[in-house]
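What follows is the residue order along each chain.
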Amino acid sequence: MKTSRYAHIFFLAPALITLLVFFFLPVLAALLMSATDFDVYALGNFGRARFLFLENYRRALEDPLFWKALFNTFYFVMVGGPLTILVSLAAAVALNAKILRFRKFFRLAFFLPVVTTLVAVAVVWRYLYHPRYGMINYLLSGFGIEPIDWLGDPTWAMPALILLAVWKNFGYNMLIFLAGLQAIPETLYESARIDGANWWQQQFYITIPQLAPTSIFVTIITIIGYFQLFAEPFVMTQGGPLNATLSIVLYLYQQGFRWWQMGYASSIAFILFFILIVLGLVQELVRRRINRGGAV
Amino acid sequence: MKNKLWSILFHLGMLLVAVITVFPFWWMLCASLMPSGEASDFPPRFFPETFTAEHYINLFSRLNLGRYFLNSLLLALGVTLFSLLVNSMAGFAFAKFRFRGRTPLFAGLISAMIIPGQVTMLPVFLLLNKMGLLNSYFGVILPTMASIFGIFLIRQYLQGVPDSLIEAARIDGAGEWLIYWKIILPLAKPVLVTLALFTFMGSWNDFLWPLIVLTREDLYTLPVALSSLLGEHVQDVELMMAGSVVTVVPVLVVFLALQKYYLQGIMIGGVKE
């Protein structure tokens, strides 16, 4: 038996080196940049950047547009996230129902939006939302609802993006929930029925607790994804009207690549990162608590 | 009797949801085939009155869409090829070699998945600028080819492959590269297809990274081209819809052909513990 002691290095090197150069070192570089006034002048000559310590972070805290972007992003995540998860859970339970026929057809239809190109879909929805000839207002008028200027009215623009996001993304979580549902042993439901539990009770006392680990996973990937909201406002509203759909990543992009305020943009990126880490820790705590509860 | 009624209602409800998920694609396709102006009629039409391919012809002959299509395709194929090689090698090492620091290294990679790509975006842009790789395919391929998710996917799959196969080959004197190339890769075919599918679709649909790296117009990918086309042609609904069809159809076809593998990927990725 002769295997080279260092063979693993050869196999790991290409992936780890690219991850190091294009991912891990840039994280450190971004941290460093966030402490400087790196701008368009520093672009040609890195020496032009001056060290500012936490000045950019202070600037962010005093920047009303940053707060607006932060608020909008939280709005999108806190309303869109739970809505997406509820719809995907309901769809998964429905797809798992024994009486359902044409199961594969429905699963495919529900999943189609997930695989399609976000930018193309956003372009299509932009027209569906059109205040005059858009299909959505036309259908709503059938219920006597007055035309809504979905993307032009600051009140409605964010709900419009949320609706699109739910439509686009629920199918992904649905499949993960479906896998979770199919892993629940049928005998649990059988014994519950023998004890006289009705359908709602079975869902509440068996399905939901059994799905807890899956739900945490789905929640965290949905939230992480939604915090990175970018293409929808970029294509549909450019962050408007009146900055009602300006998201953190869109603001970061504008600061970094339109105004070349790369130091400031890096500090915004790190604030986003920090928020995600806090959420990750919360998720870990919840997971541990549930695991402990499950063992008792 | 009551059960039958309930079943019909249930199926009608499901059908309604399916209509909602599919309808935007239906309208996109119909509007792309309408003569100019028909898609902005009121009340809106659910079907073209007369069919025309003029917008598709216009897109490919005048608006350079063929070039953008080619850019998207070459990039997606390039990223996929490199990603398969690099991630399968690393996945193999994590699954089948015992070395010091393996567990913490892997755990570290997994927890790094929480770092949002936007954090690294600015320094990587500067790095590519220094390397002269802005406005080149490699500027998009290099930073995206190694993926932690890809390594994870391959590793999970290969852990199910018995060590005895590899041991036997080693006793026969096969080198590690030969084992990887002749035994591991053929065995891992299903998961490689899954990874290829995810990578191809991810690259085809990606927007932010090509938007930043490929600023020269002749290098645009379809999503970037579509978004810039919107600036000038926002009134040409039918034209924009034709562009959307061209963007969406290839990825739909690839998905429909290989959906079995896509679902397996979600199972491996989703039921991790």
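To keep things clear, this report deals only with the structure shown in the data block.

Basis of the calculations
- Residues numbered from 1 in each chain as written.
- Chains lettered and ligands numbered in written order.
- Predicted model: local features only at pLDDT ≥ 70, side-chain atom pairs only at ≥ 80, totals over all residues.
- Heavy atoms only, no water.
- Helix = DSSP H or I, 4+ residues; strand = E, 2+ residues; numbered from the N terminus.
- Contact = heavy atoms within 4.5 Å.
- Areas by Shrake-Rupley, 256 points an atom, 1.4 Å probe, with all protein chains shown as cover.
- Lys, Arg positive; Asp, Glu negative; His and termini not counted.
- Charge placed at Lys NZ, Arg CZ, Asp CG, Glu CD.
- Rg over C-alpha atoms; globule rule 2.2 N^0.38 Å.
- Buried < 20%, exposed > 50% of the residue type's maximum accessible area, 1.4 Å probe, protein only.
- Axes fitted to C-alpha atoms, helices over the stretch in contact; angles between N-to-C directions.
- Parallel < 35°, antiparallel > 145°, perpendicular 65-115°, else oblique.
- Left-handed = near helix turned anticlockwise from the far one by under 90°.
- Nonpolar A, V, L, I, M, F, W, Y, C, P; charged D, E, K, R; others polar.
- Polar contact = N/O pair within 3.5 Å; in protein donor to acceptor, adjacent residues only side chain to side chain.
- Buried area = accessible area lost by both parts, 1.4 Å probe.
- Salt bridge = Lys/Arg side-chain N within 4 Å of Asp/Glu carboxyl O.
- Expected span 1.5 Å × (residues − 1).
- Core = buried A, V, L, I, M, F, W, Y, C linked by side-chain atoms within 4.5 Å.
- Patch = residues over 30% accessible without salt bridge, like charges linked within 9 Å, V, L, I, M, F, W, Y side chains within 5 Å.
- Phe/Tyr/Trp six-rings, centres within 6.5 Å; stacked < 30°, edge-to-face > 60°.
- Lys NZ or Arg CZ within 6 Å of the ring centre and 35° of its normal.

1. Observations concerning the overall build of chain A
Piece 1. Scanning chain A for helices and strands turns up 14 helices and zero strands.
Piece 2. Its C-alpha atoms give chain A principal-axis dimensions of about 75 × 75 × 35 Å.
Piece 3. A separation threshold of at least 6 residues defines the contact pool for chain A, and within that pool the share at least 24 residues apart is 65%.
Piece 4. With the model as given, the accessible surface of chain A reaches about 14,500 Å², and the carbon-plus-sulfur share is 67%.
Piece 5. Of the side-chain charges in chain A, 21 are positive and 13 negative, and the distance between the mean point of each set is 11 Å.

2. Some remarks on the overall build of chain B
Piece 1. Helices and strands together make up the secondary structure of chain B, namely 14 helices and zero strands.
Piece 2. Its C-alpha atoms give chain B a radius of gyration of 23 Å, clearly above 19 Å, the size a compact globule of 273 residues would have.
Piece 3. Referenced to the eigenvectors of the C-alpha coordinate spread, the extents of chain B come out at roughly 75 × 70 × 35 Å.
Piece 4. Out of the 273 residues in chain B, the part that is buried amounts to 53%.
Piece 5. Surface exposure of chain B reaches about 12,400 Å², of which carbon and sulfur atoms provide 66%.
Piece 6. The centroid of the 17 positive side-chain charges in chain B is displaced by 15 Å from the centroid of its 15 negative side-chain charges.

3. Observations regarding the packing of helix H1 (residues 7-33) of chain A against helix H5 (residues 117-131) of chain B
Relative placement of two packed helices is described by the angle separating their axes and the distance separating the axes.
Piece 1. H5(B) packs onto H1(A) with a crossing angle of 105° between their chain directions and a minimal axis gap of 7 Å. One way to sum up the angle between H1(A) and H5(B) is to call them roughly perpendicular. Contacts between H1(A) and H5(B) involve A:Val21, A:Phe22, A:Phe23, A:Pro26, A:Val27, A:Ala29, A:Ala30 and A:Met33 on the former and, on the latter, B:Val119, B:Thr120, B:Leu122, B:Pro123, B:Val124, B:Leu126, B:Leu127, B:Leu128 and B:Met131.

4. So, the packing of helix H7 (residues 148-158) of chain B against helix H10 (residues 189-205) of chain B
Residue and element names in this part refer to chain B.
Piece 1. Where H7 contacts H10, the two axes come as close as 10 Å, and the packing angle between them is 165°. On the basis of the axis angle, H7 is roughly antiparallel to H10. The element H7 and its partner H10 pack so that their crossing is right-handed. Residues Phe149, Gly150, Leu153, Ile154 and Tyr157 of H7 form the contact with H10, whose participating residues are Pro190, Val191, Leu192, Thr194, Leu195 and Phe198.
Piece 2. By residue class, the composition of the contact of H7 with H10 is nine nonpolar, two polar and no charged.

5. Quick notes on the side chain of A:Thr84
Residue and element names in this part refer to chain A.
Piece 1. Mapped onto the elements of the fold, Thr84 is located in helix H4 (residues 64-95).
Piece 2. A relative accessible area of 0% places Thr84 in the buried class.
Piece 3. For Thr84, the side chain forms a polar contact with the side chain of Tyr226, separated by 2.8 Å.
Piece 4. Leaving out residues up to four positions away in the same chain, Thr84 has contacts with Val166, Asn169, Phe170, Asn173, Thr222 and Tyr226.

6. Re the interface of chain B and chain A
Piece 1. Counting residues at the interface gives 95 residues for chain B, matched by 88 residues for chain A.
Piece 2. Regarding the contact of chain B and chain A, the summed buried area is about 8,000 Å², with carbon and sulfur atoms giving 84% of it.
Piece 3. At the boundary of chain B and chain A, one finds zero salt bridges.
Piece 4. Viewed at the interface, chain A and chain B are joined by seven residue pairs in polar contact (both at pLDDT 80 or more).
Piece 5. When residues in the side of chain B that touches chain A are grouped by element, the largest group, 16 residues, is from helix H1 (residues 2-32) of chain B.
Piece 6. When the residues that make up the side of chain B that touches chain A are grouped by side-chain class, the tally is 73 nonpolar, 14 polar and eight charged.

7. A word on the pattern of salt bridges
Residues and elements named next belong to chain B.
Piece 1. As enumerated under the stated definition, the model contains 14 salt bridges over all chains in all.
Piece 2. Among the ionic pairs, Asp41 bridges to Arg45, the shortest N-O distance being 2.9 Å.
Piece 3. Looking at Arg45, the relative accessible area reads 24%, which means it is partly exposed.
Piece 4. The residue Arg170 makes a salt bridge to Glu167 at a minimum N-O spacing of 3.7 Å. Note that Arg170 and Glu167 are positioned in helix H8 (residues 163-171) at a spacing of three residues, about one turn of the helix.
Piece 5. Classification of Glu167 by relative accessible area gives partly exposed; the value is 28%.

8. Some thoughts on helix H5 (residues 103-115) of chain A
In an α-helix, one turn spans 3.6 residues; hence positions three or four apart end up facing the same way.
Piece 1. In this model, H5(A) (13 residues) spans 19 Å end to end at C-alpha, consistent with the 18 Å of a helix rising 1.5 Å per residue.
Piece 2. Listed as buried for H5(A) are A:Phe106, A:Ala109, A:Phe110, A:Phe111, A:Leu112, A:Pro113, A:Val114 and A:Val115.

9. Focus: the nonpolar core
Piece 1. By size, the foremost hydrophobic cluster in this structure holds 199 residues, and its most contacted members are A:Phe110, B:Trp27, B:Met241 and B:Tyr262.
Piece 2. Not counting chain neighbours up to four residues away, the residues in contact with B:Met241 comprise A:Val123, A:Val124, A:Tyr127, B:Trp27, B:Met28, B:Ala31 and B:Ser32.

10. Section: a nonpolar patch on the surface
Piece 1. Taken together, A:Ile99, A:Phe102, A:Phe105, B:Leu5, B:Trp6, B:Ile8, B:Leu9, B:Leu12, B:Leu15 and B:Val19 make up a surface patch of nonpolar side chains, about 1,000 Å² in accessible area.
Piece 2. If you tally residues by element for the nonpolar patch, the top one is H1(B), at seven residues.
Piece 3. Within the secondary structure, B:Leu15 is located in helix H1.

11. Topic: the packing of aromatic side chains
Piece 1. One pass over the full model with this rule turns up 56 aromatic pairs over all chains.
Piece 2. With a centroid separation of 5.3 Å and an interplanar angle of 35°, the aromatic rings of A:Phe230 and A:Phe234 are classed as tilted. Take A:Phe230 and A:Phe234: they sit in the same class, and that class is buried.
Piece 3. A centroid spacing of 6.0 Å and a plane angle of 35° characterise the contact between A:Phe230 and B:Phe207, whose relative ring orientation is tilted. Taken together, the residues A:Phe230 in the loop between helix H11 (212-227) and helix H12 (231-236) and B:Phe207 in the loop between H10 and helix H11 (208-213) connect one chain to another.
Piece 4. Look at A:Phe230 and you get buried, because its relative accessible area is 5%.
Piece 5. B:Phe207 gets classed as buried once you look at its relative accessible area, which sits at 4%.
Piece 6. Site record: aromatic cluster; members linked through ring pairs are A:Phe10, A:Phe11, B:Phe92, B:Phe97, B:Trp177, B:Tyr180 and B:Trp181.
Piece 7. If you follow B:Lys130 out to its NZ or CZ, it ends over the ring of A:Phe46, 4.6 Å from the centre.

As far as function goes, none of this settles anything; it's purely spatial.
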